[in-house]
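What follows is each chain in one-letter form.
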Amino acid sequence: MRKKIIAANWKMNKVPMEAKDFAAELAPLCATPDVDVVFCVPHVMLCPVRKSTTPNGIGLGVQNMHFDEFGAYTGEISTPMLEHFGVTHAIIGHSERRQYFNETDEAINKKTKKAIAAGLIPIVCVGESLAQREANITIEHLRIQTKLAMVGISATDAEKIVIAYEPIWAIGTGVVATTQQAEEACASIRTVLAEIFDEPTAQKIRIQYGGSVTPDNAADLFAQPNIDGALVGGASLKLDFAKIVNYKG
Ligand code: 13P
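Residues numbered from 1 in each chain as written. Predicted model: local features only at pLDDT ≥ 70, side-chain atom pairs only at ≥ 80, totals over all residues. Heavy atoms only, no water.

1. Some thoughts on the side chain of glutamine 208
Okay, so step 1: Among the secondary structure elements, glutamine 208 is positioned in strand β7 (residues 206–210).
Okay, so step 2: Separated by 2.9 Å, the side chain of glutamine 208 and the backbone oxygen of isoleucine 5 make a polar contact.
Okay, so step 3: What glutamine 208 contacts, discounting residues up to four positions off in sequence, is Ile5, Ile6, Ala7, Ile123, Val162, Ile163, Ala164, Tyr165, Cys186, Gly229, Ala230 and Leu231. (Helix = DSSP H or I, 4+ residues; strand = E, 2+ residues; numbered from the N terminus. Polar contact = N/O pair within 3.5 Å; in protein donor to acceptor, adjacent residues only side chain to side chain. Contact = heavy atoms within 4.5 Å.)

Laid out in structure tokens, this is it:
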């Protein structure tokens, strides 16, 4: 039985003082042994947010990181720099980074490997555009993205990875995938993982759904056999996020 993992992706929102107060209010409401909960915040908010995540057993994530440790990469942040901030997770290859910052599958693969080597749990994002869904190539696209992200990763390391299936057309639009669409996509990703690694490994890897998740649709999504939690954007900026974490009521 895979433990659900529900992660907040704050994206580029809030300022540090606001983040500190919000996390102090939200974290106790999200403290539960039943679900893994993670707050993925902008780098400059790691310190203030950590004060509330750590005591409440909540993970602390970054939304991006570089695959090298040091060097001439202006504006980037590496894993040794994150070491003393209590970071546990790293979102890798979010569609917004692929789209607006030209992140390639190769860079995403390198970042995934680096996160694992640094002891972080990568949350690797995959997902199709509306054009791809309409052209009926969703499953092929997810297969390619998943395979390229996993190049050179062992089955033992793969077990630590979380995959986030985020259809681009559902992100920030209020248009959530139907439970059937989300389940079908997540199941197809698990099939690919079984091909790359093996069936027992694929059964251990957690696959989240992301895209307009709210307290109203979370429980239905989480009832699907291949959906092991969510990566939540907009609703994670409000106390509503605790309702998603406590979806069982
Ligand atoms: P929304 O929940 O705002 O649709 O964002 C989803 C997302 O991109 C999480 O990474």
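2. A look at the site of the ligand
Okay, so step 1: Taken together, 13 residues lie around the ligand, and Lys11, His94, Gly172, Ser212 and Gly234 are the ones closest in.
Okay, so step 2: At a separation of 2.6 Å, an oxygen atom of the ligand approaches a polar backbone atom of glycine 172.
Okay, so step 3: Interatomic distance of 2.8 Å between a backbone N/O atom of glycine 234 and an oxygen atom of the ligand.
Okay, so step 4: For the ligand, the protein covers 95% of the area, taking 310 Å² as the surface of the free molecule.
Okay, so step 5: According to the grid-proximity analysis, the pocket containing the ligand is the second largest pocket.
Okay, so step 6: Residues of the shell around the ligand, tallied by class, amount to four nonpolar, seven polar and two charged. (Near = heavy atom within 4 Å. Areas by Shrake-Rupley, 256 points an atom, 1.4 Å probe, with all protein chains shown as cover. 1 Å grid on protein atoms, 1.4 Å probe; cavity = no way out; pocket = protein on both sides within 12 Å on 5 of 7 lines; lining within 4 Å. Sits in = over half its atoms within 2 Å of the grid points. Nonpolar A, V, L, I, M, F, W, Y, C, P; charged D, E, K, R; others polar.)

3. Notes on unusual backbone geometry
Okay, so step 1: The residue asparagine 102 is not glycine, and still its phi comes out positive at about 55°.
Okay, so step 2: Although it is not a glycine, asparagine 136 sits at a positive phi angle of roughly 65°.
Okay, so step 3: Examined against the element boundaries, asparagine 136 turns out to sit in the loop between α6 (130–134) and α7 (138–149).

4. Comments concerning the packing of helix α1 (residues 16–29) against helix α2 (residues 46–53)
Okay, so step 1: It is the contact of α1 with α2, at a shortest axis distance of 8 Å, that shows an interaxial angle of 15°. Here α1 is positioned roughly parallel relative to α2, judged by the angle of their axes. As α1 runs across α2, the sense of the crossing is right-handed. Seen from α1, the contacting residues are Pro16, Ala19, Lys20, Ala23, Ala24 and Ala27; seen from α2, they are Pro48, Val49, Lys51 and Ser52.
Okay, so step 2: Here the residues of the contact of α1 with α2 are counted per class, giving seven nonpolar, one polar and two charged. (Axes fitted to C-alpha atoms, helices over the stretch in contact; angles between N-to-C directions. Parallel < 35°, antiparallel > 145°, perpendicular 65-115°, else oblique. Left-handed = near helix turned anticlockwise from the far one by under 90°.)

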